[in-house]
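A look at the structure
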Amino acid sequence: MPEAETSKTEDALAHGAGAIPQADMSLLSITSGEYARGIPYVKFIEDVEEFANTFDPPASAELLIGAYSELHQKFKTFETSLQQKKSNYKLKIPDLEKSLSLVKTLQKKKEEGTTAVTRYNLADNVYGKAEVDCSSGIVNLWLGANVMLEYTYEEAINFLAPKLEEAQKESKIVEEDLAFVRDQIVTSEVSMTRIFNWDVRKRRLEGGKE
């Protein structure tokens, strides 16, 4: 929708002035601005009939429910994507925390001039015991995609610490976005129910007059 038409639509909905051509109905007609990262706010319909009459001709229940259904589906897609991101961070953050803690332990052992004792997996439920010489101050980090790089302890800490901080920050944002999206899903579902009930009442009244 062109910018001029968008402004006209928003003004009409906000002030109840004028009628919007039905052809101009879009998701902009049932949203009110955007949340962070471009996720729209669902417009809650206080008075369904009043809202329907802001269109020319007045919007039918089918048209309104269709618009809200489309928006609802978009939010469900958002939700699925955010849930996947949340699951990824639940795996990624503990791995980063574990790696950072391990490197810090190795660095401490090096400073103390002692070795680190660890266990390594030989087979299913079978582990061997080993001593790690920390004097070299070198550790290999697995970066994924069959890539492993060698770092000094200090370099490894400087690499892992920001990664962990960034992952924790992004995870918090995903949690906030997911909560917001779920709220919008509920709002759109309630709005569709209100529109459906309004249509049922309207049809009953019209049937009674006949």
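A brief report on the enclosed structure follows.

Side note on the overall build of the chain
Summing up its helical and strand segments, the chain has four helices and eight strands in all. Ordered by position from the N terminus, the helices and strands of the chain form the series α-β-β-β-α-β-α-β-β-β-β-α. Within the chain, the proportion of its 210 residues that are buried is 30%. For the chain, long-range pairs separated by at least 24 residues make up 62% of all intrachain contacts whose partners lie at least 6 apart in sequence.

Looking at the pattern of salt bridges
Throughout the structure, instances matching the rule amount to six salt bridges. Between Arg203 and Glu62 there is a salt bridge; the shortest N-O distance is 3.1 Å. Placement of Arg203 in helix 4 (residues 153-209) and of Glu62 in helix 3 (residues 61-112) is noted, with a sequence separation of 141 residues between them. According to the relative accessible area criterion, Arg203 is partly exposed, its value standing at 48%. Its relative accessible area of 49% is what places Glu62 among the partly exposed residues. Here Arg182 ties to Glu79 by a salt bridge, and the two come within 3.1 Å at their closest N and O atoms. With Arg182 in helix 4 and Glu79 in helix 3, this residue pair connects regions lying 103 residues apart in the sequence.

Observations concerning the environment of Tyr153
Structurally, the position occupied by Tyr153 is in helix 4. A sequence separation of 51 residues divides Tyr153 from Leu102, and the C-alpha atoms of the two residues are 10.0 Å apart. Ignoring sequence-local partners within four residues, the contact set of Tyr153 consists of Val103, Leu106, Gln107, Lys110, Cys134, Gly137, Ile138 and Val139.

Concerning the nonpolar core
Core analysis: the biggest nonpolar cluster contains 41 residues, and Leu64, Tyr68, Phe75, Val103, Val139 and Ile195 have the highest contact counts within it. When contributions to this core are tallied by element, the ones reaching two or more residues are helix 2 (48-52), helix 3, strand 7 (138-144) and helix 4. At 14 residues, the largest contribution of residues to this core is made by helix 4. If we ignore the near neighbours within four places in the chain, the residues touching Val103 are Val139, Tyr153, Ala156, Ile157 and Leu160.

Topic: the layout of surface pockets
Size it by volume and the largest pocket reaches roughly 740 Å³. Contributing to the lining of the largest pocket are 26 residues, with Ser99, Leu102, Asn140, Leu141 and Trp142 lying nearest its centre. With 10 residues, the top contributor of residues to the lining of the largest pocket is helix 3.

Quick notes on the pairing of strand 7
Where strand 7 and strand 8 (residues 147-152) come together, six bridges link them in antiparallel fashion. Each residue of the ladder has a partner; that of Asn140, found in strand 8, is Glu150. A loop of two residues connects strand 7 with strand 8, the two strands running antiparallel in sequence, and Ala145 in this loop sits at a positive phi of about 55°.

Some points on a nonpolar patch on the surface
Judged by side-chain polarity, Phe44, Val186 and Val190 come together as a nonpolar surface patch covering roughly 230 Å² of accessible area. Mapped onto the elements of the fold, Phe44 is located in the loop between strand 3 (40-42) and helix 2.

What counts, and where the lines are drawn
- Position labels on residues start from 1 in each chain and follow its written sequence.
- Per-residue local features are limited, in this predicted model, to residues with pLDDT of at least 70; the limit for side-chain atom pairs, both in listing and counting, is 80 or more; totals at the level of whole chains, interfaces and linings are taken over all residues.
- Side-chain measures here rest on the full set of heavy atoms in the structure, leaving out hydrogens and waters.
- To qualify as a helix, a DSSP run of H or I must reach at least 4 residues; to qualify as a strand, a run of E must reach at least 2; elements of each kind are numbered from the N terminus.
- Any residue under 20% of the maximum accessible area for its type is buried, any over 50% is exposed, and the rest in between are partly exposed; the area is computed with a 1.4 Å probe on protein chains only.
- Residue contacts are defined here by distance: any two heavy atoms, one from each residue, within 4.5 Å place the two residues in contact.
- By convention in these notes, a salt bridge is any Lys or Arg side-chain nitrogen within 4 Å of a carboxyl oxygen on Asp or Glu.
- To define a nonpolar core, start from buried Ala, Val, Leu, Ile, Met, Phe, Trp, Tyr and Cys residues and group those joined through side-chain atoms within 4.5 Å.
- In this analysis the probe radius is 1.4 Å and the grid spacing 1 Å, with only protein atoms considered; a cavity is a set of points the probe fits into but cannot get out of, a pocket is an open set with protein on both sides within 12 Å along at least five of seven lines, and lining residues have an atom within 4 Å of a point.
- Grid points are joined across faces, edges and corners, and a volume is the space filled by probe spheres set on the points.
- DSSP bridges decide pairing: two strands pair if at least two such bridges lie between them.
- The residues that make up patches have over 30% relative accessible area and no salt bridge, and they are joined within 9 Å when like-charged or within 5 Å when they are Val, Leu, Ile, Met, Phe, Trp or Tyr.
- In this description, accessible areas are obtained by the Shrake-Rupley approach with a 1.4 Å probe, and a residue is regarded as covered only by the protein chains that are shown.

By themselves, these are just geometric observations and shouldn't be taken as functional.
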